[in-house]
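# Chains, contacts and geometry: an overview
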Amino acid sequence: MDRLIIVFLKWPEPGKVKTRLAKSLGSKQAAAVYRQLVHQVALHLGDYATTDLAICFTPADRETELRDWLTPIFQRTIQHWWPQDPGNLGDRQHQAFQRATESGYRQTAIIGTDCLDLTPAIFDTTWRALERHHWMLGPTKDGGYYLIAGQNSANHAHTWESIRWSTEHTLRDLVTNLDRAQQTHLFLEIMNDVDDYEDWISIKDRLTIKE
């Protein structure tokens, strides 16, 4: 395999995940929603055997519990278990790309667990685009992104610098960095991610996995 999907996720401890949603639902229910979203991502990726898979997780001391939770629901081989590095999201994504490159992968995609529509078709489109462009980006309606994928031969050094995280400027700042580096990019369709109560209301009936 020369392609890798990296899933960024957390151990679903109440009060540590979906904190914006927890303001409306409470921390325990918000953590349960998070688990449901992870299940949904696993459902889509379980049969997608054309790439390797890495779980990039936090906190590092929960690896055993994460393996016990995730291995059965993904129902496929997970080639890598990588603790997230210190720093902001950009620092952590940069380090994950570096690990993928050092592991010999030619193309890498990083996703989270907030979008329900990350189907195999999305990844097939992404890999095809990366044959002709440096990057593929999946924008969210709030100005962020649900997917970032790149050629591992691309220069990643300044990709995630000076980005205003968790704002409507996040994706725009990222694109500015790519333009400055003269690296080509394409966009996938815009999707909604699940951050707050309104987002949750809009998707809760679509979840097929319940705990």
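Bear in mind the structure is a predicted one, so any value in this text is a computation, not a measurement.

## Let's talk about the sheet that holds strand E7 (residues 185-187)
- Read from one edge to the other, the open sheet built from 7 strands follows the order E3-E2-E1-E4-E6-E5-E7, with strand pairing classed as mixed. Among the strands making up the open sheet, the edge pair consists of strand E3 (80-83) and E7. Taken pair by pair, the neighbouring strands of this sheet meet at an average axis angle of 20°, ignoring direction.
- Where strand E2 (residues 52-58) and E3 come together, 4 bridges link them in parallel fashion.

## Some words on the pattern of salt bridges
- Considering all chains together, one arrives at 10 salt bridges under this definition.
- For the salt bridge of Glu131 with Arg106, the shortest nitrogen-to-oxygen distance reads 3.2 Å. On the criterion of sequence distance, the pair formed by Glu131 in the loop between helix H5 (120-129) and strand E5 (135-139) and Arg106 in the loop between helix H4 (89-102) and strand E4 (107-111) is long-range, its members being 25 residues apart.
- Overall, Glu131 belongs to the partly exposed group, its relative accessible area being 44%.
- On the basis of relative accessibility, which here comes to 37%, the residue Arg106 falls in the partly exposed class.
- A salt bridge links Asp173 to Arg164; the nearest nitrogen and oxygen atoms lie 2.9 Å apart.
- Residue Arg164 is classed as partly exposed on the basis of its relative accessible area of 42%.
- When salt bridges with common partners are traced through the structure, they connect Asp2, Arg3, Arg106 and Glu131 into a single cluster.

## Some remarks on H4
- Given a rise of 1.5 Å per residue, 14 residues ought to cover 20 Å, and the 20 Å separating the end C-alpha atoms of H4 matches this to within 8%.
- What H4 keeps buried is the set Gly90, Gln93, Ala96, Phe97 and Ala100. All buried residues of H4 project into a common sector of 125° when viewed along the axis, lining one side.
- In the core, the buried residues of H4 are packed alongside strand E1 (3-10), E2, E3, E4, E5 and strand E6 (145-151).
- You can read the cap of H4 off the contacts: a side-chain oxygen lies 3.0 Å from the backbone nitrogen of Gly90, and it is on Asn88.
- Two residues or fewer past H4, Gly104 is found with a positive phi of approximately 95°.

## Some thoughts on the environment of Arg180
- Residue placement: Arg180 occurs in helix H6 (residues 170-180).
- Arg180 gets classed as exposed once you look at its relative accessible area, which sits at 68%.

## Notes on the nonpolar core
- Ranked by size, the top nonpolar core spans 37 residues in total, and within it Leu70 and Phe123 carry the most contacts.
- Looking at which element gives the most residues to this core, the answer is helix H2 (residues 27-45), with 6 residues.
- Beyond its immediate chain neighbours, meaning those up to four positions away, Leu70 contacts Leu9, Val38, Ile55 and Trp81.
- Membership of the second largest hydrophobic core comes to 23 residues, among which are Ile6, Cys56, Leu137 and Leu174.

The rules behind these values
Residues numbered from 1 in each chain as written. Predicted model: local features only at pLDDT ≥ 70, side-chain atom pairs only at ≥ 80, totals over all residues. Heavy atoms only, no water. Pairing = 2+ DSSP bridges. Helix = DSSP H or I, 4+ residues; strand = E, 2+ residues; numbered from the N terminus. Axes fitted to C-alpha atoms, helices over the stretch in contact; angles between N-to-C directions. Salt bridge = Lys/Arg side-chain N within 4 Å of Asp/Glu carboxyl O. Buried < 20%, exposed > 50% of the residue type's maximum accessible area, 1.4 Å probe, protein only. Expected span 1.5 Å × (residues − 1). Arc of directions from axis to C-beta. Contact = heavy atoms within 4.5 Å. Polar contact = N/O pair within 3.5 Å; in protein donor to acceptor, adjacent residues only side chain to side chain. Core = buried A, V, L, I, M, F, W, Y, C linked by side-chain atoms within 4.5 Å.

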